[in-house]
Every structure is written in C-alpha cells, then in structure tokens.
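# A look at the structure
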Amino acid sequence: REQVMGVFRSLIFLLSFRLLHVAKGSTVWLNKNGYEDLVVAINPQVPEDANIILNVMNMIKNASNYLFEMTKHRFFFKSVKIIIPKTWKKNINYSRLKTESYDKADVIIADPYIKHGDDPYTLQYGGCKEKGRYIHFTPNFLLNDKLANVYGEKGRVFVHEWAHYRWGVFDEYSSDMPFYVSRNSKAASVEATSCPAGVAGIPVFQDCSGDKCEPRSCRYDGQLYEKGCMFIPDIRQNIPCSVMYLQYVLSVVEFCDKNTHNSEAPNMQNKMCNHKSTWEVIMESDDFRNSTVVNASAPPSETTFRLLQTQDRAVALVLDVSGSMSMHDRIRHLRSAAEAFLLHIIEIGSWVAIVTFDSDASEKAPLQQITDDAARQRLVQCLPVIASGKTNICAGIRKGLKLIADKMNTTYGSEIVLLTDGEDSGIATCLDLVKQSGAKIHTIALGPLAAKELEEFSTLTGGLKLYAVDGAVHNKLTMTFSAITSGSGDISEQSIQLESKELLVQHSGWMNTTVPVDKTVGNDTFFSVAWSLSQPFFFLRDPKGKEHGSSDFTIDNSNPNTARLSISGTAEVGDWQFSIKNLHTATQAISVTATSRAAYSDVPPVNIAAHMNRANRAFNPVVVYAEVSQGFLPVLGATVIATIEKDGAAAVTLELLDNGAGADTMKNDGIYSRYFTSLQGTGRYSLKVNAHGRNTTTRLSLKRNRALSLLGYRENGKIYMNAPRPKFADKEIKVKLGSFSRISTSSLVVNTGGDSAPIYPPCKVTDLHAHIENKTIVLSWTAPGGDLDNGKADHYIIKSSGNLLDLRNHFDHATSVNSSNLIPKEAGREESFKIKLENVIIKNDTVIYFAIRAVDDTNLISEVSNIAQTTWFVPPKASVPLEYDGNNEGADSTVIVAIVAVCVTVVCTIVSSTLCVLQKRKGRVDFETMQ
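Residues numbered from 1 in each chain as written. Predicted model: local features only at pLDDT ≥ 70, side-chain atom pairs only at ≥ 80, totals over all residues. Heavy atoms only, no water.

Our focus in this paragraph is the overall build of the protein chain. Across its full length, the protein chain holds 15 helices and 51 strands. In the protein chain, which comprises 931 residues, the proportion classed as buried is 60%. In the protein chain, the proportion of contacts linking residues at least 24 apart, taken out of those at least 6 apart, comes to 76%. Accessible surface, the protein chain: about 37400 Å² in total, of which carbon and sulfur atoms supply 49%. (Helix = DSSP H or I, 4+ residues; strand = E, 2+ residues; numbered from the N terminus. Buried < 20%, exposed > 50% of the residue type's maximum accessible area, 1.4 Å probe, protein only. Contact = heavy atoms within 4.5 Å. Areas by Shrake-Rupley, 256 points an atom, 1.4 Å probe, with all protein chains shown as cover.)

Glancing now at helix H2 (residues 50–70). For H2, built from 21 residues, the straight-helix expectation of 30 Å at 1.5 Å per residue is met to within 8% by its first-to-last C-alpha distance of 30 Å. Among the residues making up H2, those that are buried are Ile52, Ile53, Asn55, Val56, Met57, Met59, Ile60, Ala63, Ser64, Leu67, Phe68 and Met70. Measuring from the side-chain oxygen of the N-cap residue of H2 to the backbone nitrogen of Asn51 gives 2.9 Å; that N-cap residue is Asp49. In the segment just after H2, Lys72 is the residue with positive phi, at about 60 degrees. (Expected span 1.5 Å × (residues − 1). Polar contact = N/O pair within 3.5 Å; in protein donor to acceptor, adjacent residues only side chain to side chain.)

Turning next to the sheet that holds strand E34 (residues 639–646). Spatially, E35-E34-E37-E42 is the arrangement adopted by the four strands of the open sheet, whose pairing is antiparallel. Bordering the open sheet on either side are strand E35 (649–656) and strand E42 (740–750), each of which pairs with just one other strand. Each strand axis lies, on average, 20 degrees off the axis of its neighbour in the sheet, ignoring direction. As paired elements, E34 and strand E37 (residues 683–693) share seven bridges and run antiparallel to each other. The residue bridging Glu645 from the neighbouring strand is Ser686, located in E37. (Pairing = 2+ DSSP bridges. Axes fitted to C-alpha atoms, helices over the stretch in contact; angles between N-to-C directions.)

Mapping Asp106 onto the fold places it in the loop between strand E6 (95–96) and strand E7 (107–109). Overall, Asp106 belongs to the buried group, its relative accessible area being 0%. Looking at Asp106, its side chain comes within polar contact range of the main-chain nitrogen of Val39, at 2.8 Å. Ignoring any residue separated from it by four or fewer positions in sequence, one finds Asp106 in contact with Ser26, Val28, Asp37, Leu38, Val39, Tyr134, Ile135 and Tyr165.

Residues separated by three or four positions in an α-helix point in the same direction, a consequence of the helix having 3.6 residues per turn. Buried residues of helix H10 (residues 373–380): Ala375, Arg376, Leu379 and Val380, and no others. The buried residues of H10 occupy an angular sector of 145 degrees when the element is viewed end-on, so they sit on one face. Elements that come into contact with the buried residues of H10 comprise helix H9 (330–345), strand E17 (351–357), strand E18 (361–369) and strand E30 (588–598). One side-chain oxygen at the N-terminal end of H10 lies 3.2 Å from the backbone nitrogen of Ala374; it belongs to Asp372. (Arc of directions from axis to C-beta.)

Turning next to the environment of Val355. Following the sequence through the fold, Val355 ends up in strand E17. On the basis of relative accessibility, which here comes to 0%, the residue Val355 falls in the buried class. Linking Val355 and Leu319, residues 36 residues apart in sequence, is a C-alpha distance of 6.2 Å. Contact partners of Val355, with chain neighbours within four places excluded, come to Leu317, Val318, Leu319, Ala361, Ser362, Gly396, Lys399, Gly400 and Leu403.

Turning to the nonpolar core, a few remarks are in order. Of all hydrophobic cores here, the largest spans 78 residues; its most connected members are Ile82, Phe158, Trp162, Trp167 and Phe255. Here this core takes nine residues from H2, the largest share from any one element. Discounting chain neighbours no more than four positions away, the residues touching Ile82 are Val40, Ile42, Ile53, Val56, Met57, Phe305, Arg306, Leu307 and Leu308. Counting residues in hydrophobic clusters, the runner-up holds 53 residues, among them Met612, Ala615, Ala663 and Ala691. (Core = buried A, V, L, I, M, F, W, Y, C linked by side-chain atoms within 4.5 Å.)

Here the focus is the state of the cysteines. This model, assessed by the stated rule, comprises five disulfides. Residue pairing for Cys195: its cysteine sulfur links by disulfide to Cys256, the two sulfurs lying 2.3 Å apart. Around the S-S axis, the bridge from Cys195 to Cys256 shows a dihedral of about -125 degrees and counts as left-handed. Residue Cys195 is located in the loop between strand E11 (189–192) and strand E12 (201–209), and its partner Cys256 is located in the loop between strand E14 (230–233) and helix H6 (268–272); the two are separated by 61 residues in the primary sequence. Each member of the pair, Cys195 together with Cys256, is buried. (Disulfide = S-S within 2.5 Å.)

Below, the discussion takes up the packing of H9 against H10. Packing of H9 against H10 leaves a shortest axis separation of 9 Å and a crossing angle of 160 degrees. In terms of orientation, H9 and H10 fall into the roughly antiparallel class. The hand of the H9/H10 crossing is right-handed. Taking contact as the criterion, the partners of Arg335, Glu339, Leu342, Leu343 and His344 in H9 are, on H10, Arg376, Gln377, Leu379 and Val380. Of the residues assigned to the contact of H9 with H10, the class counts are four nonpolar, two polar and three charged. (Parallel < 35°, antiparallel > 145°, perpendicular 65-115°, else oblique. Left-handed = near helix turned anticlockwise from the far one by under 90°. Nonpolar A, V, L, I, M, F, W, Y, C, P; charged D, E, K, R; others polar.)

The six strands lie next to each other as E18-E17-E16-E19-E20-E21, forming an open sheet whose pairing is mixed. The open sheet terminates on both sides in strands that have one partner only, identified here as E18 and strand E21 (465–468). Averaged over all pairs of adjacent strands, the angle between strand axes in this sheet comes to 15 degrees, irrespective of strand direction. As defined by bridge partners, strand E19 (residues 415–420) adjoins strand E20 (residues 440–446) across six bridges and the pair is classed as parallel. If you follow Leu419 over to E20, its bridge partner there is Ile444. Against the sheet, helix H14 (residues 475–482) engages strand E16 (314–320), E19, E20 and E21, with an angle of about 170 degrees to E21.

Running from N to C, H9 and H14 point in directions that differ by 40 degrees, and their axes come no closer than 8 Å. When the interaxial angle is binned, H9 and H14 end up oblique. The element H9 and its partner H14 pack so that their crossing is right-handed. Here H9 contributes His333, Leu334, Ser336, Ala337, Ala338, Ala340, Phe341 and Ile345 to the contact with H14, which in turn contributes Leu477, Thr478, Phe481 and Ser482. Class assignment of the residues belonging to the contact of H9 with H14 gives a composition of eight nonpolar, four polar and no charged.

In this section: a nonpolar patch on the surface. On the surface, a cluster of nonpolar side chains totalling about 320 Å² of accessible area is made up of Trp510, Phe537 and Leu583. Here Trp510 lies in strand E23 (residues 510–517). (Patch = residues over 30% accessible without salt bridge, like charges linked within 9 Å, V, L, I, M, F, W, Y side chains within 5 Å. Salt bridge = Lys/Arg side-chain N within 4 Å of Asp/Glu carboxyl O.)

Within the structure shown, the criterion is met by 32 aromatic pairs. Centroid distance Phe553 to Phe578: 6.3 Å. Interplanar angle 50 degrees. Geometry classified as tilted. Placement of the pair is Phe553 in the loop between strand E26 (547–549) and strand E27 (554–556) and Phe578 in strand E29 (residues 574–581), with a sequence separation of 25 residues. By relative accessible area, Phe553 is classed as buried at 6%. For Phe578, a relative accessible area of 1% gives the class buried. A ring pair is formed by Phe619 and Tyr760, whose centres lie 6.4 Å apart and whose planes are at 65 degrees; its orientation type is edge-to-face. (Phe/Tyr/Trp six-rings, centres within 6.5 Å; stacked < 30°, edge-to-face > 60°.)

Per-residue confidence for the protein chain gives a mean pLDDT of 87; residues scoring 70 or more make up 87%. Within the model, pLDDT remains below 50 along residues 1–24, and this stretch shows 43 contacts once partners closer than five positions in the same chain are excluded. (pLDDT = per-residue confidence, 0-100.)

Counting buried residues along strand E45 (residues 795–801), five of its seven residues qualify, which places the element largely inside the surrounding structure. Two strands pair when backbone bridges link them, and E45 and strand E48 (residues 846–855) are joined in this way by seven bridges, in the antiparallel orientation. Within E48, the residue paired with Ile797 across the bridge is Arg853. Judged from the two bridges that link them, E45 and strand E46 (residues 815–817) form a sheet pairing that is antiparallel. Within the sheet, the bridge partner assigned to Lys799 lies in E46 and is Ser816.

This next bit is on the pairing of strand E44 (residues 776–782). With respect to burial, E44 is a largely interior element, six of its seven residues being buried. Pairing of strand E43 (residues 769–773) with E44, which is carried by five bridges, proceeds in the antiparallel orientation. Paired with Ile772 across the bridge in E44 is Ile777. Of the pairings in the sheet, the one linking E44 to strand E47 (residues 830–837) comprises seven bridges and is antiparallel in character. Looking at E47, one finds that Thr782 is bridged to Glu830.

So, in structure tokens, the structure goes:
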C-alpha cells in the first residue's frame with residue numbers, strides 16, 4: 001500500500017505542476033517567463049458584444065508588452081482563455097470548456113451593481129505577498145474609449161491590477177489620506193501620498209454646485225489640507241515610477257524599488273508590506289525566483305487566445321454504498337442530502353446521472369435533463385438505500401464519466417460529485433483518466449476515515465474539496481451538497497441557503513427558529529424539518545401569520561425522518577417562524593433547513609462565500625474568511641458567525657469581523673475574517689458560516705484596491721479637470737435590505753506536522769493611530785489576542801523614535817514608553833493610551849513615531865505594529881495667489897484664493913508593520929503616562 005501511495009503522490013506532483021494555485025481557483029502557471037492559461041470570464045448577464053472580446057484581447061496584448069518592460073524584461077502573458085457565457089450565440093470558433101469556469105476565473109467581466117461604477121479593482125482577502133481572488137472589469141470600461149482619460153491606457157491598468165492579484169502588493173496612493181506631513185527634507189512639508197516622493201503636481205479643491213465645478217487652491221484647516229482637497233499631478237513627469245500609483249502617466253514604466261520607495265507615505269503598500277517597496281515584494285515571489293531576465297527588447301512571443309463557451313451543466317453523482325456507509329446512519333443521510341440536492345439545489349436545465357459503487361460500480365440513472373419537478377422526482381427514486389461490500393472509487397469514476405460521454409459525446413466541462421467514507425488503495429489507477437477527461441471532480445469526504453488522498457482529485461481538476469462530519473441528522477451533509485452550485489456566474493439561477501440549524505431537544509422541549517426571507521430572494525423557497533428518532537410536533541408561521549402545519553409538509557416513505565414544504569410562487573418577505581416540540585420520550589436531534597433563489601433576475605441577491613486557508617505569514621495560521629456582498633458590492637454591518645468542526649473534537653464557534661484588525665486585512669470591505677487557533681491535529685475541518693442582518697438599513701461600500709482614477713492633470717501650467725465622480729462613488733451606499741440570513745460551507749485539510757495544538761503569539765497590531773490633545777499624545781488601536789486575535793494579551797511594549805526606519809528595523813533599541821499600568825483588553829476591543837509631555841519644549845517640524853508589540857502570558861511576542869506618526873508643524877504662510885487658466889472645453893477656471901496660515905498640530909498615521917522610538921532631548925525625553 002505504501003508503495004502504491006508513493007507512486008500516486010509522485011504522479012499527483014507531476015500532473016498538478018501546471019495546476020499550481022488551483023486551490024484558490026487560478027490555473028495560471030509560469031512557463032519560461034510567460035504566464036500560461038490565464039482565464040478571463042464574461043458574466044452571463046452581460047449583453048452579447050463581440051467588441052468586448054476584441055478589446056480584452058487588445059488590452060492583454062498591450063499589457064504583455066507593458067509588463068515585460070515594467071518588470072525589467074522578466075514577465076509577459078503567453079496564453080489566455082476567454083470564457084463566453086452560454087447566453088451568447090454559439091460560434092464554430094468557440095471550444096468547449098474543460099475544467100475552466102467563471103467562478104474560478106482570474107479576470108471577471110461583469111456589470112457593477114450601480115451606475116458609473118467602472119473602477120477596475122482586484123479582490124484581495126489576504127496580506128502582503130498573498131494572491132488575490134480575481135480582477136474585475138466592467139463592460140463599459142472595456143468598450144468606452146473615453147475612460148482612458150480617467151484611468152489611462154487599458155493595458156497599463158491591467159498591469160496595475162495584475163500586480164495586486166499575482167504578487168499581493170497594494171496601492172501607493174490613499175483615498176483616505178491623500179496628503180501627509182513629510183520629513184524627507186530638512187524641514188517638514190505637506191506632500192501628496194505617493195510613490196516615489198516628490199511627484200510634481202498641485203493640491204486642488206473642487207467647489208461644486210449641481211453639475212458645475214470650479215477648481216480652487218486648497219486651504220489648510222488645522223490638519224493638513226481641508227477635507228476634499230485632491231492632488232492633481234503634472235501629466236508630464238520626470239520619474240519612471242510607479243505602476244501602483246500613476247499607471248496612467250506615460251513616463252511611468254517601473255515599480256517603486258528600494259531606492260525610489262517612499263516609506264513615509266500613509267498608503268496600503270506601506271501598511272501591509274512593512275514599508276517595503278512593491279518591487280522588493282515582487283522580487284520575493286515564487287515567480288521571480290523561477291524566472292530569469294530575457295535578453296530581448298520585447299516579449300519572446302505574442303499572447304495567444306482561445307475562446308471557450310459554457311455549455312449545459314452535466315453532473316454525475318458517484319456515491320459510495322460500501323459496507324461502512326451503513327454505519328452512523330450514513331446511507332440514510334446520503335439519501336436525504338442527495339434528495340435535497342436533486343429537488344432544490346441543482347439548477348433547472350442541468351443534466352444528471354447517478355452511479356453507486358462498492359467493489360464495483362452500478363448505473364442507477366443515465367444522464368438525463370432536469371426540465372421540471374417530475375424529472376427531479378424521477379431521479380430521487382434512483383437514490384440508494386442499502387450499503388454493503390468494499391470500496392472501489394475508480395470504478396465509480398469510470399462509470400460516471402462513461403454515462404456523461406454516452407449522452408454528451410464528451411466529458412469536457414462536466415462534473416462528478418464523488419462521495420465516499422472509506423479508503424481505497426487503487427485510487428492511483430484512474431488518475432490519468434481523470435486528468436484527460438476534462439471533467440471537474442468535487443469530492444465529499446464523509447466521516448473520519450475517508451481516503452486521505454481523496455482531495456487530490458479536486459486539486460487536479462479544480463473541483464471543490466468538501467467534508468462532512470457524522471451527525472444524528474442529515475443537515476450537515478445536506479449543507480455540504482448545497483455548496484455544489486453552478487460555476488457559470490449566473491447567481492440568479494443558483495440555490496441560496498438561508499438557514500441550517502441543528503439542536504438537541506429534550507422531551508417536551510421546544511425549538512423555535514426564525515428564518516428571514518429578504519426582498520432579494522424568494523423564488524423556489526423550501527423549508528425542511530429533520531429528526532433523529534421520531535416525528536416532532538411542528539408548524540411554520542409565515543410573515544402574514546398563516547400557519548403551515550405538519551400536514552402541509554411532504555414526508556417521503558423512503559425518507560421518513562424528513563418533512564419538506566415548498567412555497568409556490570415567490571415567498572412572502574419577512575420572518576418565517578418555526579415552532580417545533582419534541583414529543584419523543586428521549587432527547588433527540590432536530591434540524592431546520594431553508595433554501596431559496598433570487599427573486600429577480602436583474603437584482604443580485606445578498607450572497608456569502610466562505611472559505612479557510614493557511615495564511616502566507618508567520619506561523620502559517622489558519623484564517624477563516626467570509627465575503628458578504630450584493631452583486632459586487634460589499635455588505636457592511638452584518639453579524640457573521642463561523643462554526644468549525646472536526647470528527648472527534650468539539651465544535652468551535654468564532655465571530656468573524658470586518659474591523660481591519662487581526663486577521664482582517666481591510667476595514668469595511670465586506671470580507672469578515674478571524675484566525676482559527678483551536679487546531680486539533682492533522683485532519684479535515686468543516687466550516688459553516690452564518691451571516692445575518694436584522695431590520696436595519698444595510699450599508700454597502702465600494703471595492704478597495706482600485707486603479708487610481710485621474711481626477712485631473714496639469715500641463716504647461718494649466719489645470720484640466722475630468723468630470724467629477726458620482727456623489728456615491730467614494731461613500732457608502734445605504735440600501736434597505738430588511739432582515740437577511742445566509743449560510744455558506746467550506747472545508748480545509750490541515751497538516752500540523754505532528755504538532756497537535758500549535759501555540760501562537762498575539763497578532764500584529766495593524767491600526768495604531770496617534771493624535772495630540774493639548775500636550776498629550778493619545779495612542780489608540782484594536783486589542784490583539786493572546787493567541788493571534790483570540791483571547792487577550794498579557795502586556796504591551798510601546799516604543800518611540802524620531803526615525804521611522806530605525807523604529808521598524810531596530811524596535812528593541814528604540815526609546816521605551818512606560819506602559820506598565822496598561823492592562824490589555826479582550827481581542828477586538830478598542831485600546832487607548834495617553835502620554836503626557838512634561839516640561840518638554842518641542843520645536844516646529846518635530847516628528848515622533850510610535851509602534852507597539854503585544855506579549856502573551858508565555859512571553860511570545862507579536863510582530864511590530866504599524867507605525868503611527870505625530871507631527872508638530874506650522875503650515876507656510878499664504879503666498880501670492882496662484883492663477884490657472886483652463887481651456888474652453890474643460891471644467892477649468894481661473895483660481896485666485898488666499899491661503900490662510902494656521903498654526904496646527906498635524907497627526908497622521910503611517911500604516912506599516914514595524915517598530916518605534918521617541919525624539920531624544922539631551923539623550924532622553926521622559927513621558928508621564930495617563931490612563
């Protein structure tokens with residue numbers, strides 16, 4: 001067996017070499033400096049327009065040349081696949097998909113949820129060096145050539161987003177803090193947040209009345225420039241960098257490197273990457289290590305394109321019915337979960353076959369199309385009820401692929417849902433068949449003894465890796481099946497899980513559950529109740545008070561422990577209330593499940609996508625993520641609860657946060673995150689995430705990590721302003737979604753390397769801020785935990801310095817701030833600490849930097865925090881008013897404004913992950929601390 005498994009693992013390594021990063025979805029791989037198999041997918045809701053395809057091709061061709069130049073003759077785009085939606089006309093030039101899909105694409109082309117939201121952006125969950133989820137462009141961005149005046153040439157924008165996506169770098173501008181006080185020169189000065197420092201340009205404020213705007217010079221308001229002041233760069237610069245700031249300037253052909261990087265700027269690159277330049281981060285990537293400089297002035301080859309079109313979904317259920325499936329009621333739970341999948345989850349129009357396997361495989365239902373409810377019921381009647389025999393996984397896979405090929409004449413683009421609870425030493429024998437099939441295999445491991453190699457099928461084909469623990473009822477396995485929705489991108493067709501709850505209810509005890517149906521869902525809504533021992537008394541009350549009793553539910557003779565109710569038409573918006581009483585003489589498990597679909601084809605439903613992965617940072621901790629969104633807009637203010645389970649271990653519950661602290665990269669981006677520190681050894685972990693919002697106005701916000709739009713530019717002394725952005729564009733959008741609830745599931749295989757329970761230090765503080773009140777410096781931050789962002793730390797070490805990089809690089813040698821009286825709070829709570837300046841004369845232009853580290857009760861120490869800056873700075877007195885002449889075509893005008901000088905204290909936070917020290921006076925400055 002060990003020899004067979006050794007051969008199997010070797011084959012997996014060789015065959016999956018070209019599928020690196022597929023766990024995240026991307027199949028891009030680097031082949032002799034050229035990126036191969038980049039996937040661009042067009043959303044099914046996008047109207048057919050051949051120019052979208054042509055413009056994508058031109059954009060990436062141009063981007064290939066720019067990327068080659070901007071990476072100093074190292075990288076280019078070699079081959080690209082473009083996925084055409086099924087809704088577009090068929091074309092003989094379109095090939096059939098294999099394992100590619102919209103939901104795993106590197107680049108998505110889709111309309112935004114709001115008008116004029118054409119900002120290109122990259123969705124990034126993780127930190128520095130961690131790959132993004134996808135790049136998003138709108139059809140209008142690709143079709144409207146006028147937007148080149150706003151964002152720059154499309155190929156340049158693509159390179160900007162590719163750097164986010166592939167190498168995990170961040171923007172070098174800041175919408176929140178466009179200016180800061182710099183000490184790069186001898187005297188302090190207000191500079192634009194940029195990389196490199198000293199970009200030529202001018203601060204401008206737009207006075208707008210209706211649609212008419214008049215630019216004027218910015219005024220000081222006591223803290224830098226007034227709110228709304230923007231930096232207008234010169235269109236002609238004498239600098240060659242940086243791509244992550246001024247991608248639209250033609251002279252920009254480089255990333256900021258160690259020599260040109262502006263480490264002071266309060267931007268995301270400095271915050272996330274510890275003040276490293278983007279080029280330094282790129283140089284540390286696997287891509288850089290696996291490439292060499294190409295001795296040529298242009299890429300060695302032009303980008304090639306293949307056009308692929310989505311087809312009808314074809315799925316074979318390949319289900320284990322070996323003897324071990326009779327244990328723990330697995331065969332009964334399998335039937336119930338597969339029944340829910342066939343009746344309520346898989347999309348209408350899909351093709352489905354059913355195969356069972358023990359020591360051999362049997363056809364239970366040939367591939368047939370789901371055209372109506374009767375077709376669904378016919379498939380349900382073919383589900384297995386008896387388990388016996390041994391386990392032959394490859395026999396099941398071969399039979400499933402054969403049934404698909406018999407009907408479709410190919411297995412390209414098809415799917416296999418492979419469920420097993422046992423081991424099979426012959427898995428390696430069908431590995432090559434799977435690879436050649438062009439089919440995607442989703443694996444479901446049931447229970448603790450499923451083959452350890454099972455997930456390699458998913459790794460090889462880009463399928464889902466799912467896991468369900470044994471339970472008293474089937475809802476956990478049903479939840480797992482619910483994750484297997486179409487990857488076409490048409491979310492209006494997909495099943496959405498509203499609720500999945502299981503409780504142990506004592507004799508005569510009640511289980512009361514509220515399931516909110518919000519206005520974005522309601523079609524094909526169904527509710528189910530399941531029990532482990534005997535049928536309870538129950539009823540369901542709709543939002544108008546109508547009661548649905550047990551007689552209104554359907555109980556199938558072949559599945560007597562589950563009652564189902566389908567709501568005709570569109571379900572009533574509001575709270576649906578379950579009341580369930582256990583009539584059995586003993587305690588029993590009772591579960592409630594609810595699913596629905598979008599209420600409207602043109603209004604995206606609120607959605608949640610959850611997953612776990614091991615972060616590419618110190619200690620490789622497991623991070624739980626949940627993205628809550630409506631369309632492509634983040635939903636803010638939701639309550640998000642994660643439950644992680646492993647066979648033989650107690651379930652762990654975590655509240656995920658969108659607070660920009662701990663595991664959460666960015667505040668208010670709709671991605672809720674938390675470290676999972678309760679690992680119980682090597683094995684599979686299942687994840688269930690529930691997001692809900694109560695009857696309040698739900699806030700939506702725009703995406704971050706966007707390409708900087710050109711608000712205007714200065715050329716030959718004249719200012720030319722672009723049309724102002726829509727008023728909502730940089731603000732939150734408030735939408736009344738009502739109460740909503742969503743469930744998402746995922747899983748992760750963890751190898752702890754023999755360490756059954758890893759020990760973690762406190763997480764790094766990433767949101768340290770400093771400001772001055774009279775003669776007191778106030779530091780504030782979000783408390784880390786004792787174990788990353790869980791629990792609480794034992795104490796803090798606070799340091800200060802007059803030099804930012806000294807504080808980052810030599811934290812331990814910096815000046816200490818006495819914080820012995822500061823007792824850390826629980827993780828996630830706000831901390832505040834005051835430093836009183838006693839008998840200290842501080843000169844104008846003085847800058848003091850602060851940083852912090854947290855220590856736990858075993859003396860494990862966190863990484864150094866971001867660096868916060870306090871500055872004593874008097875802005876310059878007003879100079880002679882400046883005059884600008886605009887042209888007749890733009891929104892330019894003469895600007896004559898007096899700038900009133902104000903003596904101010906400027907405080908800005910320089911985000912980074914580093915160290916800190918205080919300005920010395922005669923060797924030391926003493927501080928009196930206040931609580």
